[in-house]
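For reference, the chains in residue letters:
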Amino acid sequence: MANILIVEDEKNMQNIICEYMRKGGHTCFAADDGVDALMLLKNNPMDLMILDIMMPHLDGFSVCKTAREMSSLPIIMLTAKSDEEDKLKGYEYGADDYMTKPFSPKILLAKANALLRRVSANFTDAVGGTPGNTHSEAVRNTLSAGKVTISPVAHKVFLDGTEITLTHKEYELLYFFLSNPGQVFSREQLLNRIWGYDFEGNTRTVDTHIKTLRQKLGSEGKTIVTLIRSGYKFEAKG
């Protein structure tokens, strides 16, 4: 069973898609526009997103682009057009598949299940597991760099296939770094992003958490690079 985000402003279509996804054993979250979709994605672990292109406030392309910066979850885009340019644009922004309206909800469910199986299989390979083990059952969407793999759905971190224990803030820091490889972030930016603007501590909190995070990551801790007078960045490995 997976958490699926349905982003569709046409209520009847939204209800039909949700009904079929639930029949397939999945849990559905629904959004009527792009802004609500990104809020749901930010605050809830999702395994897959079904995303309409034509929506109020924020179109599907913009949502897809932003979502891809936040997560590697599979994205199926819905469009009323069969225009090849729309599909190419969606793929450019990170979409995994397309459905052109009108479509069969059964086919959409089959596509969703196929993408979820693919992601699950990729994670099984990454952690060296076998189908049906705890990892593949719990994890549908992962982020990986070098020997480090994060399962946002299960809220777990694996180092060379072995689960390691992180505090909540250490996990959030690592997830943020893996989601933004190569980008430099000041201590103030990390403090505001991870702890919030109303946090009463200082930037030494960031240094302390990164120190313990590096220790727990062992040899992979060096991927979190300190830049004098600038902050930190994550140097991803293949």
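Residues numbered from 1 in each chain as written. Predicted model: local features only at pLDDT ≥ 70, side-chain atom pairs only at ≥ 80, totals over all residues. Heavy atoms only, no water.

### Looking at the pattern of salt bridges
Close approach of charged atoms lets side chains of opposite charge pair. Per the counting criterion, the structure on display carries 8 salt bridges. A salt bridge links Glu8 to Lys101; the shortest N-O distance between them is 2.9 Å. Of this pair, Glu8 sits in the loop between strand 1 (3–7) and helix 1 (11–23) while Lys101 sits in the loop between strand 5 (97–100) and helix 5 (105–127), and the two are 93 residues apart along the sequence. An identical accessibility class is assigned to Glu8 and Lys101; each is buried. Glu19 is the partner of Lys23 in a salt bridge, and the nearest nitrogen-oxygen pair spans 3.4 Å. (Salt bridge = Lys/Arg side-chain N within 4 Å of Asp/Glu carboxyl O. Helix = DSSP H or I, 4+ residues; strand = E, 2+ residues; numbered from the N terminus. Buried < 20%, exposed > 50% of the residue type's maximum accessible area, 1.4 Å probe, protein only.)

### Re the nonpolar core
Among the nonpolar cores identified, the biggest contains 25 residues, and Leu174 and Leu190 are the most heavily contacted of them. At the level of elements, strand 6 (143–145), strand 7 (148–151), helix 7 (168–179), helix 8 (187–195), helix 9 (204–217) and strand 12 (231–234) are the ones that each hand at least two residues to this core. Listed in part, the 20 residues of the second largest apolar core include Met55, Val63, Met77 and Ala95. (Core = buried A, V, L, I, M, F, W, Y, C linked by side-chain atoms within 4.5 Å.)

### With respect to helix 1
Taking 1.5 Å of rise per residue, the 13 residues of helix 1 would be expected to cover 18 Å, and the 18 Å separating its terminal C-alpha atoms lies within 8% of that figure. Among all positions of helix 1, only Met13, Gln14, Ile17, Cys18 and Met21 are buried. Down the axis, helix 1 shows its buried residues gathered within 130° of arc, on one side only. Helix 1 presents Asn12 and Lys23 as exposed residues on the side facing more than 90 degrees away from its buried surface. (Expected span 1.5 Å × (residues − 1). Arc of directions from axis to C-beta.)

### Examining the sheet that holds strand 8 (residues 156–159)
What links the strands of a sheet is backbone hydrogen bonding, and the strands pair in either a parallel or an antiparallel sense. The strand order across the open sheet built from 4 strands is 6-7-8-9, with neighbouring strands paired in antiparallel fashion. Looking at strand neighbours, the two that pair on one side only are strand 6 and strand 9 (162–164), the edges of this open sheet. For this sheet, the mean inter-axis angle between neighbouring strands, taken without regard to orientation, is 25°. Here strand 8 pairs with strand 9 via 3 bridges, running antiparallel. In the sheet register, Leu159 faces strand 9, and the bridge partner there is Thr162. With respect to the sheet, helix 7 is in contact with strand 6, strand 7 and strand 8, its orientation differing from that of strand 7 by roughly 110°. (Pairing = 2+ DSSP bridges. Axes fitted to C-alpha atoms, helices over the stretch in contact; angles between N-to-C directions. Contact = heavy atoms within 4.5 Å.)

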